[in-house]
Amino acid sequence: MADSTSAPTYNLDNMSLDELNQLKQQQENQHQALTNRYAQLRAVAARLNASDQAVMELGPSSEGKKIMVPLSSSLYVPGKIHDPNKLLVELGTGFYAEKSPKECSAFLQRKLKLVDANSENITKAVQNCRQNMEAVAITLQGKMLEI
């Protein structure tokens, strides 16, 4: 999420009320987008944790166990675990790899670390956005009192 371009800086004292209101709206929109992105990342983290937990619960005794296999987010078919030591892991964009439970868990943990790092970056961006919104609001209040 970090990039080499920095956010533009504004001299709030030299801006008109209309410009300040427009900047306030932009900051609110950015804040909402960042908040939504953070919620999405936390949902992904929860799914990764649930997947890792499911992998940890597999063992040799799981062979032949009946399960529901998802065909879509709301469609399942019955199935059986043939070999609990061979799991298919989605690598992304329709690519899958066969991995052992240990390798699968390590893969999920790496993805979780990446999601957590992105969540931290989003949290910092949200904090900066809040500070900007507060500065614009204070400036707006000051300009309104001058009128």
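As a reminder, the structure under discussion sits directly above these lines.
About the cut-offs
Residues numbered from 1 in each chain as written. Predicted model: local features only at pLDDT ≥ 70, side-chain atom pairs only at ≥ 80, totals over all residues. Heavy atoms only, no water. Helix = DSSP H or I, 4+ residues; strand = E, 2+ residues; numbered from the N terminus. Buried < 20%, exposed > 50% of the residue type's maximum accessible area, 1.4 Å probe, protein only. Contact = heavy atoms within 4.5 Å. Axes fitted to C-alpha atoms, helices over the stretch in contact; angles between N-to-C directions. Parallel < 35°, antiparallel > 145°, perpendicular 65-115°, else oblique. Left-handed = near helix turned anticlockwise from the far one by under 90°. Salt bridge = Lys/Arg side-chain N within 4 Å of Asp/Glu carboxyl O. Patch = residues over 30% accessible without salt bridge, like charges linked within 9 Å, V, L, I, M, F, W, Y side chains within 5 Å. Areas by Shrake-Rupley, 256 points an atom, 1.4 Å probe, with all protein chains shown as cover. Pairing = 2+ DSSP bridges. Core = buried A, V, L, I, M, F, W, Y, C linked by side-chain atoms within 4.5 Å.

(A) Structural detail: the overall build of the protein. For the protein, the count of helices and strands is two helices and four strands. Viewed in the frame of its principal axes, the protein has a C-alpha envelope of about 75 × 30 × 25 Å. Taking all 147 residues of the protein together, the buried fraction comes to 24%. Taking contacts inside the protein between residues at least 6 apart in sequence as the whole, the part at least 24 apart equals 55%.

(B) Main features of the packing of helix α1 (residues 17–57) against helix α2 (residues 101–146). In the contact formed by α1 and α2, the axes pass within 8 Å of each other and the chain directions differ by 160°. Between α1 and α2, the angle is such that the two are roughly antiparallel. As for how α1 packs across α2, the hand of that crossing is left-handed.

(C) Region of interest: the pattern of salt bridges. This model, assessed by the stated rule, comprises one salt bridge. A salt bridge links aspartate 116 to arginine 42; the nearest nitrogen and oxygen atoms lie 3.2 Å apart. Of this pair, aspartate 116 sits in helix α2 while arginine 42 sits in helix α1, placing them 74 residues apart in sequence. Judged by relative accessible area, arginine 42 falls into the partly exposed class, the value being 31%.

(D) View of unusual backbone geometry. Backbone geometry places threonine 93, a non-glycine residue, at a positive phi of 50°. Structurally, threonine 93 is set in the loop between β3 (87–92) and β4 (95–99).

(E) View of a nonpolar patch on the surface. There is a patch of nonpolar side chains on the surface, built from Ile67, Val69, Leu71, Leu75 and Val77 and spanning about 370 Å² of accessible area. Looking at the nonpolar patch, the elements with two or more residues in it are β1 (66–72) and β2 (75–80). Considering every element that reaches the nonpolar patch, the biggest residue donor is β1, with three residues. Within the element layout of this structure, valine 77 appears in strand β2.

(F) Structural view of the pairing of β2. In terms of strand pairing, β1 meets β2 through six bridges, oriented antiparallel. Its bridge partner lying in β2, isoleucine 67 is registered against glycine 79. Connecting β1 to the next strand, β2, in antiparallel fashion are two residues.

(G) Fine view of the side chain of threonine 139. Among the structural elements, threonine 139 can be located in helix α2. Residues within four places of threonine 139 in sequence aside, it is in contact with Leu12, Asp13 and Leu20.

(H) Summary view of the nonpolar core. Judged by nonpolar contacts, the single largest core of 15 residues is most densely connected at Leu34, Leu48, Val55, Cys104, Leu108, Val115 and Ile122. The set of elements that each furnish at least two residues to this core consists of α1, β3 and α2. Top contributing element to this core by residue count: α2, with eight residues. Within the second largest apolar cluster, six residues are counted, among which are Leu20, Leu23, Val136 and Leu140.

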